[in-house]
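# Descriptive structure summary
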Amino acid sequence: MGARTPATLAAVDADVARTLGELERKLHELEHTLSAIGRGEEPVDQTPPQPFAAPLQPAAPPQPAAPPQPAAPPQPAVAPYPGAAAPRVSSRLVDESIEQDDGPANVLAAASGPGTAPAPDVGQRANLRPGDTAPPAPRVAAPSAAELLRFRERLEQVARELTHDYDELLGRLSFPAMPTSPAGPAPGAPAISFARGAPSLDIVDVDGLRDAAVRAFESDPAGTTAYGTSVGYPRLRSWIAERHGVEPDRVLVTNGSMQADAFLFEHLVRPGDEVIVERPSYDRTLLSLRQRGARLHDIELQPDGIDIHALERLLAGGAGARPRLAHIIPNFQNPAGYTLSLPKRRALLGLAAEHGFLVFEDDPYVELRFSGESLPTMLSMDQDRVVYASSFSKTVCPGIRVGYLVGPADLIGAVAQLATNTYISPNMVAQSVVYEFCASGAIDRSIEMVKGALAERAETLANALRRELPEAEFVVPQGGYFMWVTLPPGTDVHALHHAAAERGVSFVNGTDFLLEGGENTLRLAYSGVTPGQIETGVERLAEAFRTL
């Protein structure tokens with residue numbers, strides 16, 4: 001492969017941009033089709049079809065001219081309708097590591113999913129002799145609105161994943177993802193990512209993990225290497241239960257907390273069920289709930305957590321919302337960095353009891369408090385009304401992929417059956433290593449080291465923003481990985497994202513974490529960057545802002 005220069009990357013980036021543009025066009029078409037179906041109309045072709053610009057395709061060698069073929073009958077096409085809202089294409093680089101190495105073609109193929117209309121029988125037509133009549137193409141029923149809606153969700157997810165993975169690849173290079181502007185950094189300057197929601201390697205206890213792995217295979221080789229059961233590695237399950245003051249039958253250990261979330265949503269949420277979410281909230285949770293057909297009610301976040309009065313108004317009266325559950329990230333929320341206050345925790349549990357919904361306490365950052373007073377979990381305040389999830393990705397390392405659920409025993413038993421049907425058992429090796437890391441006390445030492453580093457980085461980021469970008473509004477978090485930044489009204493965060501990338505800086509657009517709005521907001525992750533990188537990155541970000 002040739003040298004990877006900024007000029008080369010510019011060409012690749014242009015190809016990828018065209019591909020994503022085609023995805024946006026297809027989403028426009030789907031919106032138009034769905035709108036027409038809703039009005040009882042036939043979709044109308046308003047523009048000629050556009051060629052799909054697939055990225056990274058080498059030029060094909062010249063081919064001999066093919067004999068003229070009879071013209072194929074024209075196929076109906078659907079074009080974007082005027083005024084259609086453009087779909088959101090995620091700006092995210094990565095919150096976790098790339099989980100697949102699928103190229104755009106593979107991802108797009110997967111997007112079609114099961115139930116796609118079969119292609120014509122090419123082999124049958126190729127065997128026709130001169131003078132034979134080709135068999136008619138099979139008739140395929142027109143897709144229903146529900147099928148189009150499902151396909152739109154898959155297409156949106158593909159757009160997000162493609163943007164995710166491509167931007168992460170660029171972020172790992174030793175120079176900016178796009179050509180530098182005259183005012184930007186010199187070629188060869190390192191890219192700085194405020195998008196990566198993960199710790200940098202220097203604050204991961206690699207030596208402690210290696211020692212834990214040795215102990216796991218020495219102390220319990222049979223349990224470490226066996227299939228196990230769907231509820232997880234027994235020793236780790238018991239350790240988690242003791243940590244939360246519950247019985248082991250109320251704990252399920254999974255392959256990461258996102259899988260715990262997915263199992264819970266599969267068990268609890270049906271199409272049309274109402275779910276309370278924070279505004280903003282973790283984008284993958286929003287996507288997962290939308291894919292299940294949930295009706296989402298997003299309640300504004302305040303610096304001390306969800307707006308309880310707005311939630312009360314939503315629930316009030318006979319015509320009020322009747323949610324199945326409320327998804328809450330109570331500590332150092334992703335993406336905002338805010339923490340739910342103790343009075344609001346009590347008020348939320350009171351509303352849950354009054355209106356009969358569960359509180360899903362999604363709490364992966366709870367151990368990473370570096371200032372302020374620790375607060376009790378809502379699980380400890382109401383074990384029957386709360387389902388709790390957390391993860392060792394933030395306290396051990398992201399690559400370990402171990403998370404867990406704590407909840408009522410009957411609910412955990414039902415979710416465990418889903419896990420059994422999905423994978424028989426989760427990763428016993430990873431869970432055994434995590435157990436040894438925790439039982440030895442290494443996790444407590446690791447958490448203290450991580451908290452010290454995060455405190456320094458959060459303070460550095462806040463001071464740099466005050467100095468370089470005084471227009472920015474933000475709340476300094478008391479823990480966790482993230483800071484939510486609001487820029488003056490009228491700021492185009494998508495244009496800022498592009499201008500910052502030209503200067504070798506990446507972040508996540510606030511629009512990724514909202515059902516609508518947020519065009520002047522962004523999320524900055526300080527967990528994966530050193531104080532020096534933070535200083536330089538904010539200087540470049542401010543420079544990009546001045547160009548808008």
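All of the points below concern the structure found in this document. (Residues numbered from 1 in each chain as written. Predicted model: local features only at pLDDT ≥ 70, side-chain atom pairs only at ≥ 80, totals over all residues. Heavy atoms only, no water.)

Closest axis-to-axis distance for the helix α8 (residues 257–268)/helix α9 (residues 283–291) pair is 11 Å, and the angle between their directions is 25°. Regarding the angle of α8 to α9, the classification is roughly parallel. Remark: the crossing between α8 and α9 carries right-handed chirality. In this structure, α8 uses Met258, Asp261 and Phe265 to contact α9, whose residues at the interface are Arg284, Thr285, Ser288 and Leu289. Here the contact of α8 with α9 is composed, by residue class, of three nonpolar, two polar and two charged. (Axes fitted to C-alpha atoms, helices over the stretch in contact; angles between N-to-C directions. Helix = DSSP H or I, 4+ residues; strand = E, 2+ residues; numbered from the N terminus. Parallel < 35°, antiparallel > 145°, perpendicular 65-115°, else oblique. Left-handed = near helix turned anticlockwise from the far one by under 90°. Contact = heavy atoms within 4.5 Å. Nonpolar A, V, L, I, M, F, W, Y, C, P; charged D, E, K, R; others polar.)

Let us now look at the packing of aromatic side chains. In this description, a pair of aromatic rings is defined by centroid distance and the angle of the planes. In total, this model carries nine aromatic pairs according to the counting rule given. Ring centres of Trp239 and Phe392 lie 6.4 Å apart, and the angle between their planes is 50°; on these two criteria the pair is classed as tilted. Highlighted residues: Trp239 in helix α7 (residues 234–244) and Phe392 in the loop between β8 (386–391) and β9 (403–406), separated in sequence by 153 residues. Owing to a relative accessible area of 17%, Trp239 belongs among the buried residues under this scheme. Look at Phe392 and you get buried, because its relative accessible area is 4%. Taking the centre distance of 5.8 Å and the plane angle of 85° together, the rings of Tyr365 and Phe482 count as edge-to-face. Remark: Phe482 occurs in strand β11 (residues 482–486) and Tyr365 occurs in the loop between β7 (358–362) and α12 (378–381); sequence separation between them is 117 residues. In this pair, the class of Tyr365 matches that of Phe482, namely buried. Taken together, Trp239, Phe392 and Tyr404 form an aromatic cluster joined through their ring pairs. (Phe/Tyr/Trp six-rings, centres within 6.5 Å; stacked < 30°, edge-to-face > 60°. Buried < 20%, exposed > 50% of the residue type's maximum accessible area, 1.4 Å probe, protein only.)

Time to look at unusual backbone geometry. Pro280 follows Arg279 through a cis peptide bond whose omega is 5°. Secondary-structure assignment places Pro280 in the loop between β3 (274–279) and α9. In this model, Phe332 sits at a positive phi of 55°, which is unusual for a non-glycine residue. Take Phe332: it is sitting in the loop between β6 (323–328) and α11 (342–355). Backbone geometry at Arg401 places phi at a positive 50°, although glycine is not the residue there. Topologically, Arg401 is positioned in the loop between β8 and β9. Taking the relative accessible area as the measure of exposure, Arg401 reaches 29% and is therefore partly exposed.

Looking now at helix α10 (residues 308–315). Regarding α10, the residues found buried are Ile308, Ala310, Leu311 and Leu315. The arc that holds the buried residues of α10, viewed along the axis, is 160°, so those residues lie on one side. For α10, the exposed residues lying more than 90 degrees away from the buried face are His309 and Arg313. Looking at the packing, one finds that the buried side of α10 touches β3, β4 (295–302), β5 (305–306), β6 and α11. One side-chain oxygen at the N-terminal end of α10 lies 3.1 Å from the backbone nitrogen of His309; it belongs to Asp307. Gly317 sits one or two residues past α10 and shows a positive phi near 80°. (Arc of directions from axis to C-beta. Polar contact = N/O pair within 3.5 Å; in protein donor to acceptor, adjacent residues only side chain to side chain.)

Moving on, we get to the sheet that holds β4. By way of backbone hydrogen bonds, the strands of a sheet pair with one another, either parallel or antiparallel. With respect to topology, eight strands assemble into an open sheet ordered β2-β9-β8-β7-β6-β3-β4-β5, the strand pairing being mixed. Each edge of the open sheet is held by one strand with a lone partner, namely β2 (251–254) and β5. Direction of pairing for β3 relative to β6: parallel, over a ladder of three bridges. Note that in β6 the partner of Ile276 across the bridge is Ala326. Its contacts with the sheet put α8 on β2, β6, β7, β8 and β9, and the angle it makes with β7 is roughly 165°. (Pairing = 2+ DSSP bridges.)

Our focus in this paragraph is the pattern of salt bridges. Applying the stated criterion to the full structure yields 16 salt bridges. Here Arg467 ties to Glu468 by a salt bridge, and the two come within 3.1 Å at their closest N and O atoms. Exposure remark for Arg467: the relative accessible area of 45% places this residue in the partly exposed category. Several salt bridges share partner residues, and in doing so they unite Asp207, Arg210 and Asp211 into one network. (Salt bridge = Lys/Arg side-chain N within 4 Å of Asp/Glu carboxyl O.)

Before going further, it helps to examine the nonpolar core. Leu236, Ile240, Val359 and Phe392 are the most contacted members of the largest nonpolar core, which has 58 residues in total. Of all the elements, helix α14 (residues 428–439) adds the most residues to this core, at seven residues. Excluding anything up to four places from it in sequence, Leu236 contacts Val253, Phe392, Val402, Gln431, Val434 and Tyr435. One finds Ile203, Leu454, Ala464 and Leu496 within the second-largest nonpolar core, a separate group that totals 38 residues. (Core = buried A, V, L, I, M, F, W, Y, C linked by side-chain atoms within 4.5 Å.)

Another point: α11. A turn of α-helix holds 3.6 residues, and therefore any two residues three or four places apart point the same way. A rise of 1.5 Å per residue sets the reference length of α11, with its 14 residues, at 20 Å; its end C-alpha atoms lie 20 Å apart and thus fit the reference within 8%. Within the sequence span of α11, burial applies to Lys344, Arg345, Leu348, Leu349, Leu351 and Ala352. Looking straight down α11, one finds its buried side chains confined to an arc of 160°; they lie on one side. Pointing more than 90 degrees away from the buried face of α11 are the exposed residues Pro343, Arg346 and Glu354. Looking one or two residues past α11, Gly356 carries a phi angle of roughly 75°, positive in sign. (Expected span 1.5 Å × (residues − 1).)

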